[in-house]
Amino acid sequence: MSLIKRNEANWLPSVFDDMFRTDWLGGTTNVNSIGTSIPAVNIQESDDNFMVAVAAPGKTKEDFDIELDNDVLTISSEEKRENETTEKNGRFTRKEFSYSNFKRAFSLPDSVDSEKISAAYNNGVLEITLPKREEAKVQAKRMIEIS
């Protein structure tokens, strides 16, 4: 166990949390996040659009759901996998299965043209392009005459 500063008034629940989050081999786990993996997301802004890049290797484009509802963009994925090894007599000593999901939601600014949003999945990265409205794009510098 590591040294953790405890609040004197509320030390008992955190002691139990530490006990249940430590596995038998001395490592720690986060019990609350089992089955959940949140991929890294980069958001880049250019003059014409925003680009959202989600790192999700090993998936296919069919694994993703992208939803737009009231200017909230939600990206989600769910995966269930089961590996079963059966011996001749039908007993098994280990049966492994996994379930993972994630959901990320982003509030879009008013400058995004929601009718022109597009997405592509290339080399383990989901790329979502959020084009800006014409009036939100950076306008070229110009001189204004004084009358």
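Preceding this section is the structure that the text describes.
Attention in this report is confined to the structure presented alongside it. The numbers attached to residues start from 1 for each chain and follow its sequence in the written order. Local features in this predicted model are restricted to residues of pLDDT 70 or higher, and side-chain atom pairs are both shown and tallied only at a pLDDT of 80 or more, whereas totals for entire chains, interfaces and linings draw on every residue. Neither water nor hydrogens contribute to the side-chain values; these are computed over all heavy atoms in the structure.

This next bit is on the overall build of the protein chain. Helix and strand labels come from DSSP, where a helix needs a run of H or I of at least four residues and a strand needs a run of E of at least two; each type is numbered from the N terminus. Scanning the protein chain from terminus to terminus reveals one helix and seven strands. Relative accessibility decides the category of a residue: with a 1.4 Å probe and only protein chains considered, values under 20% of the type maximum give buried, values over 50% give exposed, and everything between is partly exposed. Looking at the protein chain as a whole, 18% of its 147 residues are labelled buried. When checking whether two residues touch, look at their non-hydrogen atoms; a contact exists if any pair is within 4.5 Å. Considering only intrachain contacts with a sequence separation of at least 6, the fraction spanning at least 24 residues in the protein chain is 49%. Here the Shrake-Rupley method, with its probe set to 1.4 Å, supplies the accessible areas, and only the displayed protein chains count as covering residues. A total accessible area of about 12,200 Å² is found for the protein chain, and carbon and sulfur atoms account for 49% of it.

Notably, N70 is not glycine yet its phi reads approximately 50°, a positive angle. Tracing the backbone through its elements, the reader meets N70 in the loop between strand 3 (64-69) and strand 4 (72-84). Even without glycine at this site, N123 takes up a positive phi of about 50°. Mapped onto the fold, N123 is located in the loop between strand 6 (118-122) and strand 7 (125-131).

Our focus in this paragraph is the sheet that holds strand 6. Taken in spatial order, the four strands make up an open sheet running 1-2-7-6, and their pairing is antiparallel. Strand pairing shows two members of the sheet lacking a second neighbour, strand 1 (41-45) and strand 6, which therefore form its edges. Recorded for the sheet is a direction-independent mean angle of 15° between the axes of neighbouring strands. Two strands qualify as a pair provided that DSSP identifies no fewer than 2 bridges between them. Geometry is summarised by axes, namely lines fitted to C-alpha atoms with helices restricted to the contacting stretch, and by angles between N-to-C directions that run from 0 to 180 degrees.

What follows is about the nonpolar core. Counting 15 residues, the largest nonpolar core has V52, F64, I75, L126, I128 and L130 as its most contacted members. Every element with two or more residues in this core is listed here: strand 2 (49-55), strand 4, strand 5 (95-107) and strand 7. For our purposes a nonpolar core is just a set of buried Ala, Val, Leu, Ile, Met, Phe, Trp, Tyr and Cys residues, chained together by side-chain atoms within 4.5 Å.

Buried residues dominate strand 7, accounting for five of its seven residues. Judged from the seven bridges that link them, strand 2 and strand 7 form a sheet pairing that is antiparallel. Bridge assignment links A53 to a residue of strand 7, and that residue is E127. In textbook terms, the turn of a hairpin is the stretch between consecutive antiparallel strands, and for strand 6 and strand 7 this stretch comprises two residues, one of which, N123, has a positive phi near 50°.

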